[in-house]
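If you want the building blocks of each chain, they are given just below.
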Amino acid sequence: MFSLTSGTSARRLATAFVVIGAALWTVSAAADALRNPSVMGDEIFQPSVGQAGKDVIWVPTDDELVRVMLEAANVTPNDLVFDLGAGDGKIAIAAARDFGATSVGIEYNPDMAALAQRNVERANLTDRVRIIRGDIFEEDFSNATVVTLYLLPHLNMKLRPTLLDMRPGTRIVSNSFDMQDWRADEVIGTEFRTGYFWIVPAKVAGDWSLQGMAENDQVDLTLSQRFQEVDGTVSVNGVQQALIEPTLRGDNLSFAYIDRQGNERLVELKVAGDRMAGQMNHAGVSVAVSAARVQ
Ligand SMILES: C[S@@+](CC[C@H](N)C(=O)[O-])C[C@H]1O[C@@H](n2cnc3c(N)ncnc32)[C@H](O)[C@@H]1O
């Protein structure tokens, strides 16, 4: 009799889920391709949707979602966009052509990488788009300001530690797949597809001492952090209170607390490693404050 406790049955069930999941993904991917008039093959190489890739098959992101993803990431000419698993180069090309960014596509399949390179040349974007024939798990993309993904759930999870170590404020957008308990800052999408948007949070967990506070108050901050979700306490001259609405977005940290006179003070800081700097606001007056990590 079937039992969930049987290792063999559980393995078969898991395999069945993977196979069904892959089949469903391929069907919806084929639908993507039909909605996708700008699939860019040429006389030298005609890729086929669903063709094998090193870690994931090739399916192009449809044009509308490419735009929605790049808009969600607020791509500008100041950005360096990396598309990990670049396929025919369409995201890297759109980032440069439509948003003015500089971009890089990393693609493992040599035929796809060569096709993407020709597509870049046809779009006259060789000065701003680079295609690297390489493996996304080996190439360095740490200087990206925006990373785009259309991979698979377990590949997103494999990349997650690298992404979380990128410069705080780096924006990440993924077609279809999330990053489990690193919840998205925004769920985006089109009528047909869902996408996810994150901002890499600064690492702020720990103890901080604040300088420049009102009336020479000794203000100490203790922060706990789970990805972009922060919580903590502030101690004013030894009296502790919970932070009011602590928020972390990239390298921007803000919170409020109640001072000794019972006034709410809003603190807004920019994080740079073991230092923070910003201002404290109260009743329309803003004073410069800073913080240092207590080792
Ligand atoms: C689902 S497609 C997405 C293509 C493109 N980013 C887009 O959204 O239109 C994934 C691409 O990743 C490539 N790929 C798979 N494993 C890779 C790896 N380890 N390194 C680089 N590219 C890889 C595949 O060949 C395929 O072109």
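The structure under discussion appears in the preceding block.
Below or above, wherever it landed, is the structure these notes cover. Here the structure is a predicted model, which means the values were calculated and not measured.

**As for the overall build of the protein**
Secondary structure assignment for the protein yields 5 helices and 16 strands. Partitioning the contacts of the protein with sequence separation of at least 6, the portion at a separation of at least 24 is 51%. Of the accessible surface of the protein, which amounts to about 14500 Å², a share of 53% is contributed by carbon and sulfur atoms.

**Regarding the pairing of strand β13 (residues 252-258)**
Most of β13 sits inside the fold, with 5 of its 7 residues counted as buried. Inspection of the sheet shows strand β12 (residues 244-249) paired to β13 by 4 bridges, in the antiparallel sense. Looking at β13, one finds that arginine 249 is bridged to asparagine 252. Linking β12 back to β13 in an antiparallel pair, the connection comprises 2 residues, with glycine 250 at a positive phi of about 65°. Pairing analysis gives 7 bridges linking β13 to strand β14 (residues 264-272), with the strands arranged antiparallel.

**Some details on the packing of aromatic side chains**
For the structure shown, the criterion picks out 4 aromatic pairs. Ring geometry for phenylalanine 82 against phenylalanine 141: centres 6.4 Å apart, planes inclined by 45°, an arrangement best described as tilted. With phenylalanine 82 in strand β1 (residues 80-84) and phenylalanine 141 in the loop between β3 (129-133) and β4 (146-149), this residue pair connects regions lying 59 residues apart in the sequence. Summarising the burial analysis for this pair, phenylalanine 82 and phenylalanine 141 share the class buried. An angle of 20° between the planes, with centres 6.2 Å apart, marks the rings of tryptophan 182 and phenylalanine 227 as stacked. Of this pair, tryptophan 182 sits in the loop between β5 (171-175) and β6 (186-189) while phenylalanine 227 sits in the loop between β9 (219-226) and β10 (229-236), placing them 45 residues apart in sequence. The same class applies to tryptophan 182 as to phenylalanine 227, namely buried.

**Focus on the side chain of serine 176**
Counting through the fold element by element, serine 176 comes out in the loop between β5 and β6. Relative accessible area serves as the criterion here: at 15%, serine 176 is assigned to the buried category.

**A closer look at helix α2 (residues 63-72)**
Residues of α2 that are buried include every one of Leu65, Val66, Val68, Met69, Leu70 and Ala72, and no others. Elements in contact with the buried residues of α2: α3 (90-99), β4, β5, β6 and β7 (194-199). Two or three places before glutamate 64, at the opening of α2, aspartate 62 has a side-chain oxygen 3.1 Å from that residue's backbone nitrogen. Looking one or two places after α2, you find asparagine 74, whose phi comes out positive at around 55°.

**Let's talk about the site of the ligand**
If you check the shell around the ligand, you find 22 residues, and the closest are Asp55, Thr61, Asp83, Gly85 and Glu107. When isolated, the ligand has an accessible area of 590 Å², and the protein chains bury 100% of it. At the level of secondary structure, the elements contributing two or more residues to the shell around the ligand comprise α3 and β2 (102-107). A breakdown of the residues in the shell around the ligand according to their chemical character gives 11 nonpolar, 5 polar and 6 charged.

**Some details on the sheet that holds β2**
In spatial order, the strands read β3-β2-β1-β4-β5-β7-β6; together these 7 strands make up an open sheet with mixed pairing. The outermost strands of the open sheet, each flanked by one partner alone, are β3 and β6. Between one strand axis and the next, the sheet turns by 20° as a mean value, whatever way the strands run. Sheet topology places β2 next to β3; 5 bridges connect them, and they run parallel. What sits directly across from valine 104, in β3, is arginine 130.

**Examining the sheet that holds β10**
Picture the strands of a sheet paired through backbone hydrogen bonds; they go either parallel or antiparallel. Judged by pairing direction, the sheet is antiparallel, and its 9 strands sit side by side in the order β11-β10-β9-β8-β16-β15-β14-β13-β12 without closing on themselves. In this open sheet, the two edge strands, each paired with only one partner strand, are β11 (239-242) and β12. Averaged over all pairs of adjacent strands, the angle between strand axes in this sheet comes to 25°, irrespective of strand direction. Both strand β8 (residues 206-211) and β9 contribute to a ladder of 5 bridges, which runs antiparallel.

Scoring rules and cut-offs
- Residues numbered from 1 in each chain as written.
- Predicted model: local features only at pLDDT ≥ 70, side-chain atom pairs only at ≥ 80, totals over all residues.
- Heavy atoms only, no water.
- Helix = DSSP H or I, 4+ residues; strand = E, 2+ residues; numbered from the N terminus.
- Contact = heavy atoms within 4.5 Å.
- Areas by Shrake-Rupley, 256 points an atom, 1.4 Å probe, with all protein chains shown as cover.
- Buried < 20%, exposed > 50% of the residue type's maximum accessible area, 1.4 Å probe, protein only.
- Pairing = 2+ DSSP bridges.
- Phe/Tyr/Trp six-rings, centres within 6.5 Å; stacked < 30°, edge-to-face > 60°.
- Polar contact = N/O pair within 3.5 Å; in protein donor to acceptor, adjacent residues only side chain to side chain.
- Near = heavy atom within 4 Å.
- Nonpolar A, V, L, I, M, F, W, Y, C, P; charged D, E, K, R; others polar.
- Axes fitted to C-alpha atoms, helices over the stretch in contact; angles between N-to-C directions.

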